Amino acid sequence: MLQVLGATGVTAVAGCIANENPTDEDNESPADDNEGLPAAEPVDMDSVAADPTDIPPPVDWDEPREHDITIECTEHVAEIEPGVTFHFMTFEGQVPGPMIRVREGDTINLTFRVPGESNMHAHNIDFHAVYGPGGGAEHTTLAPGDEEAMLSAKMDFAGAHIYHCAVPDMDYHISAGMFGAILVEPKDGLPEVDRELYLGQHELYTDGDTGEEGHHSYDYDAGAAEDPTYVVFNGEAYGITEDGTQGPMHAEVGETVRLYFANGGPNLHSAVHPIGNVFSRLYRDGDLLSEPAQNVETTPVAPGTVTMGELEMKVPGPVKIVDHALSRVVHKGALAVIDVEGDDSPDIYNSDT
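> So what exactly am I meant to see when it comes to the overall build of the chain here?
A count of helices and strands for the chain gives 3 helices and 21 strands. Overall, the C-alpha framework of the chain stretches about 65 × 60 × 30 Å when taken along its three principal axes. In the chain, buried positions account for 56% of the 353 residues. Within the chain, residue pairs in contact and separated by at least 24 positions form 77% of the contacts whose partners lie at least 6 positions apart. If the 14 positive side-chain charges of the chain are averaged to one point and the 66 negative ones to another, these points end up 13 Å apart.

Here is the structure:
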């Protein structure tokens, strides 16, 4: 059920498929190969990478609730890696957008904003968990400075779902960071774990080479060819590692860690693999109603999908989360690290034999 509470100022292209071409104003032309890239632009935020530990607490209520949620779109110049800048588009200033967590049967009252002072493009939001035109995209499409849009939607689909911008050139907007996860817990809830983490994979298609210093603009031809310059987690190449701006994630020996992994795409499947571990329980494609798969080493995650997996941390040391399309790890940035601390367990792993 979706009930529209407000009007918007731009005609929406609802859902995941557009049949219009982007406007000339939105096209960013690749730089002349002979001239190279322009200089890196001044950044207006240190990092767009979402904190992978910033997750709402588990559902602790057993009756339907209403949730008043505001999502504001903002665009930022930030670094993909040191010396490489890009114009990101975000929900609430982070990539991926904030995780939303509700219970099956709850209602979301959404206020959606595209302030004129912090946006150059029109935006909207498509919730894959919502019954309604475009998952809400048709009624939230706003040009910069338009009056805020409001809608109400009942959460009838238990599961982990993605949300994303769905304007005509949605591949550009999603690539630039406009996607996130909404978790609709089943009525009976989820099993308790010790720690939860949240990562979002996406591709960046630019007019520069990987690692080339300067300001990279979005390249529509590279996007159409599905040939990304970077494949990253949370907006940065290697950002959630020892050398990244976020640093590694953390866990303790003996803990059970739940990972929410959103593949924004816009185009490529991911092959998510925890190096040095397995998914003890894997909720494929965000399916929280079926029995989870067990002891899965690598799982495919289609673009536009959130997968949930649980890891048992049995020995200390790094657990590396990668896309097992390994050239993306070695050359394009698809690596994050969970630093597991605690006592050695030589009966499980012994390096001194």
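Now, onward.
> Explanation requested: the packing of aromatic side chains in the structure shown.
Two descriptors summarise a pair of aromatic rings, namely the distance from one centre to the other and the angle between the planes of the rings. On inspection of all chains with the given rule, the structure shows 10 aromatic pairs. A ring pair is formed by Tyr 172 and Tyr 220, whose centres lie 5.6 Å apart and whose planes are at 75°; its orientation type is edge-to-face. Linking Tyr 172 in helix α1 (residues 170-175) with Tyr 220 in helix α2 (residues 220-224), this pair joins segments that are 48 residues apart in sequence. What makes Tyr 172 buried here is its relative accessible area of 1%.

> Quick question: what am I supposed to make of the pairing of strand β20 (residues 317-323) here?
Consecutive side chains of a regular strand alternate in pointing toward one face of the sheet and then the other. Alignment of strand β15 (residues 270-275) against β20, held across 4 bridges, turns out to be antiparallel. Paired with His 273 across the bridge in β20 is Val 322. Both β20 and strand β21 (residues 335-341) contribute to a ladder of 6 bridges, which runs antiparallel. From the neighbouring strand, Pro 318 faces β21, where its bridge partner is Asp 339.

> How do you make sense of the sheet that holds β15 when you look at a structure like this?
What links the strands of a sheet is backbone hydrogen bonding, and the strands pair in either a parallel or an antiparallel sense. Strands sit in the order β13-β21-β20-β15-β18 across an open sheet of 5 strands; the sheet is mixed. The open sheet is flanked by β13 (249-252) and β18 (299-301), the only strands paired with a single partner. Sheet twist, expressed as the average angle between the axes of neighbouring strands with direction ignored, equals 25°.

> Would you mind going over the confidence of the model for the chain with me for this structure?
Detail in the predicted coordinates should be disregarded across regions flagged by low pLDDT. Confidence in the prediction for the chain averages 92 pLDDT; 90% of positions are at 70 or higher. Per-residue pLDDT stays below 50 along residues 1-33; that stretch engages in 81 contacts with residues further than four places along the chain or on separate chains.

> Explain the environment of Tyr 283 to me, please; I cannot follow it from the model alone.
Locating Tyr 283 in the fold gives a position in strand β16 (residues 279-283). Once the C-alpha coordinates of Tyr 283 and Ile 182 are considered, the two residues, 101 residues apart in sequence, prove to be 15 Å apart. Those residues within four positions of Tyr 283 in sequence are excluded, and the remaining contacts are Pro 191, Leu 288, Pro 292, Thr 307, Met 308 and Glu 310.

> Looking at this model, I keep getting lost on the sheet that holds strand β4 (residues 97-103). Mind explaining?
Taken together, 4 strands build an open sheet; the order of strands is β4-β9-β8-β6 and the sheet is mixed. Only two strands of the sheet have a single partner each, and these edge strands are β4 and β6 (126-127).

> What should I look at first to understand unusual backbone geometry in this one?
Comment: phi is negative for the bulk of residues other than glycine, and the bulk of peptide bonds are trans. Residue Pro 96 is reached from Val 95 by a cis peptide bond, and omega for that bond is -10°. Mapped onto the elements of the fold, Pro 96 is located in the loop between β3 (84-91) and β4. The step from Gly 265 to Pro 266 runs through a cis peptide bond, and the omega angle for that step is 20°. Residue position: Pro 266 is located in the loop between β14 (256-265) and β15. At Tyr 238, a position not held by glycine, the phi torsion is positive, near 55°.

> Which parts of the structure should I look at to understand the pattern of salt bridges?
Pairs may arise between side chains of opposite charge once their charged atoms sit close together. What the rule picks out here adds up to 9 salt bridges. A salt bridge links Arg 281 to Glu 310; its shortest N-O distance comes to 2.6 Å. Taken together, the residues span a long stretch of sequence, with Arg 281 in strand β16 and Glu 310 in strand β19 (residues 305-312) at a distance of 29 residues. With a relative accessible area of 27%, Arg 281 lands in the partly exposed category. With its nearest N and O atoms 2.7 Å apart, the salt bridge here joins Arg 328 to Asp 323. There is no split in this pair, since Arg 328 and Asp 323 are both buried.

What counts and how
- Residues numbered from 1 in each chain as written.
- Predicted model: local features only at pLDDT ≥ 70, side-chain atom pairs only at ≥ 80, totals over all residues.
- Heavy atoms only, no water.
- Helix = DSSP H or I, 4+ residues; strand = E, 2+ residues; numbered from the N terminus.
- Buried < 20%, exposed > 50% of the residue type's maximum accessible area, 1.4 Å probe, protein only.
- Contact = heavy atoms within 4.5 Å.
- Lys, Arg positive; Asp, Glu negative; His and termini not counted.
- Charge placed at Lys NZ, Arg CZ, Asp CG, Glu CD.
- Phe/Tyr/Trp six-rings, centres within 6.5 Å; stacked < 30°, edge-to-face > 60°.
- Pairing = 2+ DSSP bridges.
- Axes fitted to C-alpha atoms, helices over the stretch in contact; angles between N-to-C directions.
- pLDDT = per-residue confidence, 0-100.
- Salt bridge = Lys/Arg side-chain N within 4 Å of Asp/Glu carboxyl O.

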